[in-house]
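Remarks on the overall topology
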Amino acid sequence: MESSKVKETYNATEKEVYWQKFWEEANINKFNPSSSKELFTIDTPPPTISGALHLGHIYSYSQAEVIARFRRLAGFNVRYPMGFDNNGLPTERLVEKERNIQGHNMPLADFVKICLEVTDQYKEKYSRLWKSLGLSVDWDLEYSTISSESQKLAQTVFKELFEKRAIYQKEAVALYCHRCRTSVAQAEVEDQERDSVFYDIAFSEENNDNLIIATTRPELLPACVAVFVHPDDQRYTGVVGKTVKTPFGKKISVLADDKVSIEKGTGAVMCCTYGDETDVYWVRQYNLPERIILGKNGKFLEIAELPEISSKSIVEGRKIIVAKLRKLNAITDERPIKHNVGVHERCGTPIELLSTKQWFIKMLDKKEDLLKAGQKIKWHPSFMLKRYEEWVSGLKWDWCISRERFFGVPIPAYTCDSCDHIYLPNENNFPIDPKIQTEVLSCPKCQKGNLIPEKGVLDTWFTSSLTPDINNIFPTNNQLAEKLYPMSLRPQGHDIIRTWAVYSILMGLYRHQEIPWRELMISGHILLRKGEKISKKTGGGQFKPEDVIKNHSADAIRYAMYGASLGRDAFYDEQEVKKGKKLVVKIYNAGKFILSHLTDFSKDNIANQPELETLDRWIIYRSYVVAQKMAKEFEKYEYNKARILFENFFWSDFCDNYLEIVKGRLWNEEKSSEKYQSAQYALYLTYLNILKIISPFMPHITEEMYHAKLLANNRIISQTDSGFFASLEEQTSIHLTAWPIDQQNISLTEEELLGVELMLTTIAEARKYRASQQLAMNVIIPSFTVNGKKKAELLLKPFLADLLFVIKAEKVVF
RNA sequence: GGGUGAUUAGCUCAGUUGGUUAGAGCGUACGGUUCACAUCCGUAAGGUCGCAGGUUCGAGUCCUGCAUCACCCACCA
C-alpha cells in the first residue's frame, strides 16, 4: 500500500529569510567599481526618518528595485545604494515625541546626541524592513545625510556657492512657526479650515467720516502701516492719497492697488507687517515702513499705545484688542466665517510672517536654466515634466535655506559685530559647528569686531539635494571616484518634484553645469480604499508592511505593487497580494513537475541540442520573444506591462497549454526517443528563462527554484550550495545570470506559427465541445472534425500526436 | 481661479502609432480534474468605454466643451 502522500509546499516566510541571508553573505548585490560593464547608477531616495515605514514606502521603493534587478540581468554594472535622511525638523519632531523632550530647552549637544541615538534605531528598523522585502541594495553603499562626510560636503558647497555669490544673507520676510520656533519652507505649510470672525473696523478720516476696513486679524491693528483700496472702486476715490487714523490713533495713508478685491469685505483692507504675503508685496512695492509687533516666541512685543498686550499670545492679544475696540465703538459689524488658514503641517500652528535674517540661494535668475535642464532629462511618465515646469515658472522667491533648529548641518558662517563682514572658515576644518566654537574670533577684515557665530542649520533639502554628489564622492568608489556624475536614474515621488527634484537640479547647475541624472522615474502614491492617503501620519491603518510580508511573503507583496502604472496613485488591494501568492505557488509547482522529468537531463543534453519538435521550438521561441518584449517595457519603466506579458506567457501559454500538451510525450514516449528529449530540452530552457524574467519581480521564489533539486523520494529541496539549474548554469545565483537573449536563432516559419495557432484554437474548440456536452476527461472523443480541409491537415501535421493526447480524441478528421 | 492626471464589466485595472464581434484577474453561474498545483483546468453570463458635439470611410483611442474625482499650486484682508 502506498504511504499517504505528504503535500509539500513552499514555506515562503522561512525561505525568503534564508535567501536574503545568502545574498548578503555571497555579496550578490555588491557593486564592483572596476567592472567593465556599462554603468547604471541609481540615486535612491534616502527616506526621511520621521516615523514608521508604511505601505507607501513599499510601493515606491519597489519601483526602483525592479529596475535595478532588470538592469543587472541585462548586463549593466548597477550601483544601487541606500541613504538615510536623518536630520531636520521631521526627525526632531519624532525624537521630541518619542523621548518627550523639547529641543529648545536642553543643551544642544545632549539633544543632538539623543537625535543620533533615536535615528540609529530607526535606521536599523528601516534596513531590516528593506532587507525583508528583498531590496537588492548594496548596503555597503549606505550613507546618511547627517554623517560628518555629508556635513562636510554640505558646508563645502555652502562656501562654494557663497563665494560664487549664489548664496546671500538678507533680512527678509519668511514663513515662521512660533511653536517650532523656526522659519519653514513653503512646502511645509498646509491649509486647514478654521472658524474665524470677520470684523468691520472704523478708521477715522480727516473730515471725521469713517473708513471701514474688514479684517479677520484685528490683533494686527497696531502693525497697520497703510490702508488699501482698489483704484476702480468708486466708493473710495475721494480718500485715496489721504491720511486716516486707526482706532488707536496711528496716522496712516490710504493707497490704491489692484490686488484689492472690490467685492470682499468692505473693499478696504489694512496692510500690516505682516499678515499675509500681499502685505509683504505692498511694503516692498510702496516702500512702507515696518511695524513689527510679534516676537519670535509668538508673543506680542512692547507696543507703546497698547502696553496691555505685551507678552501676550496672539489669541489673548486678539481678545484684548477686540474688547478695546468695542469700548471705542470702532467695530461696526462682525460675522463668523470659516476660512482657510495656512498652518504648519507638523504641528498645526498657524504660520505667521516674520521678518528675520535668513540665508537664500538664488533661484529666480536660474529659472530659464532650470527649465532647459528639465527638458534634457527623460521624465517617466513624461507628463511629470509639466508639473516641474509649472512649479519652476511660478517660483516667486529664492530658496530660503536657513532654519533656526538644532539637529541639522550648521551654517558654517560668522558675522562681525562691528563691520558686518561675513566670515566662512577654511573648508579643511569642515564639518564645523560655529555655535560650539569656544574661542572668540576677531574679524579678519576690520580687525576690531568679534565674529558672532551663525546659529541656524541648513534646510534638510540642502543636503538631500546633494545626494548625487554624496554618491559621487563615496569613499569606496575607487577608480570611479568622482566619475559618477551625472547618475543614470533618480526615482522619486511626485509630491517632492518641487523640492527634491528642483533643488537637486539647481545644485547640479551650480556645481557641475550639468543635469544630475539622465532619467527621472516618478512614482505615485498608494491609497487605502476610501481614497485615504497613506502617510507617516495616518500610518496605513491595519496594513503594516511587516505584517503583510509575514502573512503573504515579500514576493507576493512586491508582485502586487507592480500591478500599478508608474506615476499613478493606486489603491492597495489585498486581492493583488493574494494573486502574487498564487503565482509563487504556481512557479513552485511547475518547477517541481519539470524537475521530476529532468532527472536524466545533463550538460550533454544541453550541448547536443536534439532535433526539436515544432511545438517545443515554439515554446522556447515564445520565451525569448516575451523576454525581449519585457526588456523593452522595463527600459521604458513600464514594469506593469512587463508583468502582464509575463503572466500571459507563463500562466496561459506555458502552464495551461504547453505543459498540458507535453505531458503526453513525457508519459508515453521512450526516454531515449528524440521526441522525449526534445520536450526535456524545451522544458529546461523555457523554465530557466521563466525564472530569469520573473526574478526582478520575485527574487526569492526564483532563487529557490534555481537551487532546487529532486530527491529520490520525489520531493524537492533547495539549498544555497546545490540545485539542478545552479549546477548546470554555473552561476551561484539566478540574479547573476543573464537576461534571456536567443543565441541560436530559434525561430518558426510562418506556416509553423499558423500551425501552432490552429492547434491552440482546435484545443479551445474541443474544450468548448466537451464543456457543452458535459463530457468527463476520461471520455474519449472518437473523431474530432477540423474545418479547413487539406490546408489545416498540412498545418496540424507536426502536432497531431500532441493534439490527440490533449483533446483526448481517437482521431482528427478534416 | 491655474496646472496635472483619472473616468472602460459588480470590484481592481489593461487597451500599443484610430482598423473586424472592447480584454485580464477577482467575484458570479455551470462543468471537469485530483499521478505539478490545501488546488488546478475549462465554459458561460456581464460593458450604449463619464456626458455632449466635432474630425474621419472608420473613434475607447484624435479635437472642443461640460461634469465628477484625486493630487499640486494660487487665493484665504
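Heads up: the structure comes first, above all this text.
Here goes a summary of the coordinates provided. (Residues numbered from 1 in each chain as written. Chains lettered and ligands numbered in written order. Predicted model: local features only at pLDDT ≥ 70, side-chain atom pairs only at ≥ 80, totals over all residues. Heavy atoms only, no water.)

**Some details on the sheet that holds strand E20 (residues 451-453)**
With antiparallel pairing, three strands are arranged side by side in an open sheet as E19-E18-E20. Edge positions in the open sheet fall to strand E19 (422-423) and E20, since each of these has one partner strand only. Inspection of the sheet shows strand E18 (residues 414-416) paired to E20 by three bridges, in the antiparallel sense. Within E20, the residue paired with Tyr414 across the bridge is Pro453. (Pairing = 2+ DSSP bridges. Helix = DSSP H or I, 4+ residues; strand = E, 2+ residues; numbered from the N terminus.)

**Examining helix H8 (residues 367-376)**
Among the residues of H8, those classed as buried are Leu370, Leu371, Ala373 and Gly374. End-on view of H8: buried residues confined to an arc of 160°, all on one side of the axis. Summarising the geometry of H8, the exposed residues directed more than 90 degrees from the buried face are Glu368, Lys372, Gln375 and Lys376. Where the residues of H8 are buried, they touch strand E15 (378-380), helix H9 (384-393) and helix H12 (497-512). (Buried < 20%, exposed > 50% of the residue type's maximum accessible area, 1.4 Å probe, protein only. Arc of directions from axis to C-beta. Contact = heavy atoms within 4.5 Å.)

**Some remarks on the environment of Tyr286**
You can see Tyr286 is positioned in the loop between helix H6 (277-285) and helix H7 (314-327). For Tyr286, a relative accessible area of 30% puts it in the partly exposed group. In this structure, the C-alpha to C-alpha distance between Tyr286 and Leu255, residues 31 residues apart in sequence, is 9.0 Å. Leaving out residues up to four positions away in the same chain, Tyr286 has contacts with Phe228, Leu255, Ala256 and Asp257. At a separation of 3.5 Å, a polar atom in the side chain of Tyr286 contacts the main-chain carbonyl oxygen of Ala256. (Polar contact = N/O pair within 3.5 Å; in protein donor to acceptor, adjacent residues only side chain to side chain.)

**Considerations on helix H18 (residues 639-668)**
For H18, spanning 30 residues, the distance from its first C-alpha to its last is 40 Å, which sits close to the expected 44 Å at 1.5 Å a residue. The largest bend in H18 is about 40°, located at Phe654. (Expected span 1.5 Å × (residues − 1). Bend = angle between axes of the 7 residues up to and from the residue.)

**What to know about the pattern of salt bridges**
In the structure shown here, the tally under the stated rule is 40 salt bridges. Residues Arg405 and Glu96 are paired through a salt bridge, measuring 3.5 Å at the closest nitrogen-oxygen approach. Placement of Arg405 in the loop between strand E17 (402-403) and E18 and of Glu96 in helix H3 (residues 89-99) is noted, with a sequence separation of 309 residues between them. Look at Arg405 and you get buried, because its relative accessible area is 5%. Salt-bridge contacts for Arg217 lead to Glu352; the nearest nitrogen and oxygen are separated by 3.1 Å. (Salt bridge = Lys/Arg side-chain N within 4 Å of Asp/Glu carboxyl O.)

**Considerations on unusual backbone geometry**
Leave glycine aside and you will find that most residues have negative phi; peptide bonds, for their part, are mostly trans. The peptide bond linking Thr273 to Tyr274 adopts the cis configuration, its omega dihedral lying at -10°. Residue placement: Tyr274 occurs in the loop between strand E12 (268-272) and H6. The omega torsion across Tyr485 and Pro486 is -5°, close enough to zero to call that bond cis. By secondary structure assignment, the location of Pro486 is in the loop between helix H11 (467-472) and strand E22 (487-493). At Asn100, a position not held by glycine, the phi torsion is positive, near 55°. With respect to the helices, strands and loops of the structure, Asn100 is situated in the loop between H3 and helix H4 (108-133). Here Asn100 falls in the exposed class, since its relative accessible area comes to 71%.

**Some thoughts on the pairing of E22**
Of all seven residues in E22, seven are buried, a share of seventy percent or more. Bridge count for E22 against strand E23 (residues 517-523) is six bridges, and the pairing is parallel. Paired with Pro491 across the strands is Met521, a residue of E23. Each parallel crossover has a hand, and the one from E22 via H12 to E23 is right-handed. (Right-handed = clockwise from strand over helix to strand, strands pointing away.)

**Overview of the side chain of Thr499**
Mapped onto the elements of the fold, Thr499 is located in helix H12. Here Ile496 takes part through its backbone oxygen, which lies 3.3 Å from a polar atom of the side chain of Thr499.

**Concerning the packing of aromatic side chains**
In this structure the tally under the stated criterion is 35 aromatic pairs. Aromatic pair Phe84 and Tyr126: ring centres 6.2 Å apart, planes at 50°, arrangement tilted. Of this pair, Phe84 sits in strand E3 (residues 83-84) while Tyr126 sits in helix H4, and the two are 42 residues apart along the sequence. There is no split in this pair, since Phe84 and Tyr126 are both buried. A ring pair is formed by Trp399 and Tyr503, whose centres lie 3.6 Å apart and whose planes are at 5°; its orientation type is stacked. (Phe/Tyr/Trp six-rings, centres within 6.5 Å; stacked < 30°, edge-to-face > 60°.)

**Notes on the side chain of Asn657**
With respect to the helices and strands, Asn657 occurs in helix H18. For Asn657, a relative accessible area of 12% gives the class buried. Once residues lying within four places of it in the same chain are set aside, the contact partners of Asn657 are Ser652, Leu760 and Arg767.

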